[in-house]
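# Observations on the three-dimensional arrangement
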Amino acid sequence: MAQTGEDRGLTDQQLENIVGNLLRAGVSLSAFVVAFGAIIYLIRHGREPASYRVFQGEPSDLKSLSAIVRYAFEFRGRGIIQFGLLLLIATPVFRVALSIWGFAAERDRMYMIFTAIVLIVLLYSLLGSGSAF
């Protein structure tokens, strides 16, 4: 028996609204965290002279998740900025995970499977290489 839109627990429009709100909240939160980290960084290091002769990337201790979280909770500017960037990267991953839940609520098995494959590829690209964490 075919289902009508009224039989479903979640409509397409509701799912789009939830996903849109998630994306807005994630980007806004990450922008706030990065700005907060930048303010702290500039307060502590704003008067230091900049050297443009040699490029200096992020310190090696800010290239692991545990170090980034530790630095962020210690209110170090660079750690907070990195944490905000991690939130920005995590936002579309959460969007895909939320979409799986939404398709499951809509009982749309085909899109749920395709979205699960996308989530697996995303997670593998972030975690599977072994360099992220």
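Residues numbered from 1 in each chain as written. Predicted model: local features only at pLDDT ≥ 70, side-chain atom pairs only at ≥ 80, totals over all residues. Heavy atoms only, no water.

### Looking at helix H1 (residues 12-45)
We count it as follows: Each helix corresponds to a stretch of at least 4 residues labelled H or I by DSSP, and each strand to a stretch of at least 2 residues labelled E; elements are numbered beginning at the N terminus. To estimate how far a helix should extend, the number of its residues minus one is multiplied by 1.5 Å. Three labels apply to residues, based on accessible area from a 1.4 Å probe with only protein chains included: buried if under 20% of the type maximum, exposed if over 50%, partly exposed otherwise in between. By the convention used here, residues are in contact when the closest approach between their heavy atoms is within 4.5 Å.
Given a rise of 1.5 Å per residue, 34 residues ought to cover 50 Å, and the 49 Å separating the end C-alpha atoms of H1 matches this to within 8%. Listed as buried for H1 are Leu15, Val19, Gly20, Gly26, Ser30, Val33, Gly37 and Ile40. Contacts from the buried residues of H1 go to helix H3 (77-105).

### Focus: a nonpolar patch on the surface
Spelled out, the test is: Here the term patch refers to residues with relative accessible area over 30% and no salt bridge, with like charges joined within 9 Å and nonpolar side chains (Val, Leu, Ile, Met, Phe, Trp, Tyr) within 5 Å. Per-residue and other accessible areas were derived by the Shrake-Rupley procedure at a 1.4 Å probe size, with only the shown protein chains allowed to occlude residues. Here, a salt bridge means any Lys or Arg side-chain nitrogen found within 4 Å of an Asp or Glu carboxyl oxygen.
Taken together, the side chains of Met110, Tyr111, Ile113, Phe114, Ile117 and Val121 define a hydrophobic patch exposed on the protein surface, amounting to about 600 Å² of accessible area. Here Phe114 falls in the partly exposed class, since its relative accessible area comes to 47%.

### Describing the confidence of the model for the protein chain
For the record, the criterion: Confidence scores labelled pLDDT are given residue by residue by the predictor and lie between 0 and 100.
Of the residues in the protein chain, 89% reach a pLDDT of 70 or more, and the chain-wide mean stands at 85. Note that residues 1-6 has pLDDT below 50 and, in this model, three contacts with residues that lie over four places away or in other chains.

### Details of the packing of H1 against H3
Between two packed helices, the angle of one axis relative to the other and the distance separating the axes together describe the packing. Stated formally: To define axes, lines are fitted to C-alpha atoms, for helices over the stretch in contact only, and angles between the resulting N-to-C directions are given on a 0 to 180 degree scale. Put simply, angles under 35 degrees are roughly parallel, angles over 145 are roughly antiparallel, angles from 65 to 115 are roughly perpendicular, and the rest are oblique.
Where H1 contacts H3, the axes come no closer than 7 Å and their chain directions differ by 175°. Accordingly, the angle class assigned to the pair H1 and H3 is roughly antiparallel.

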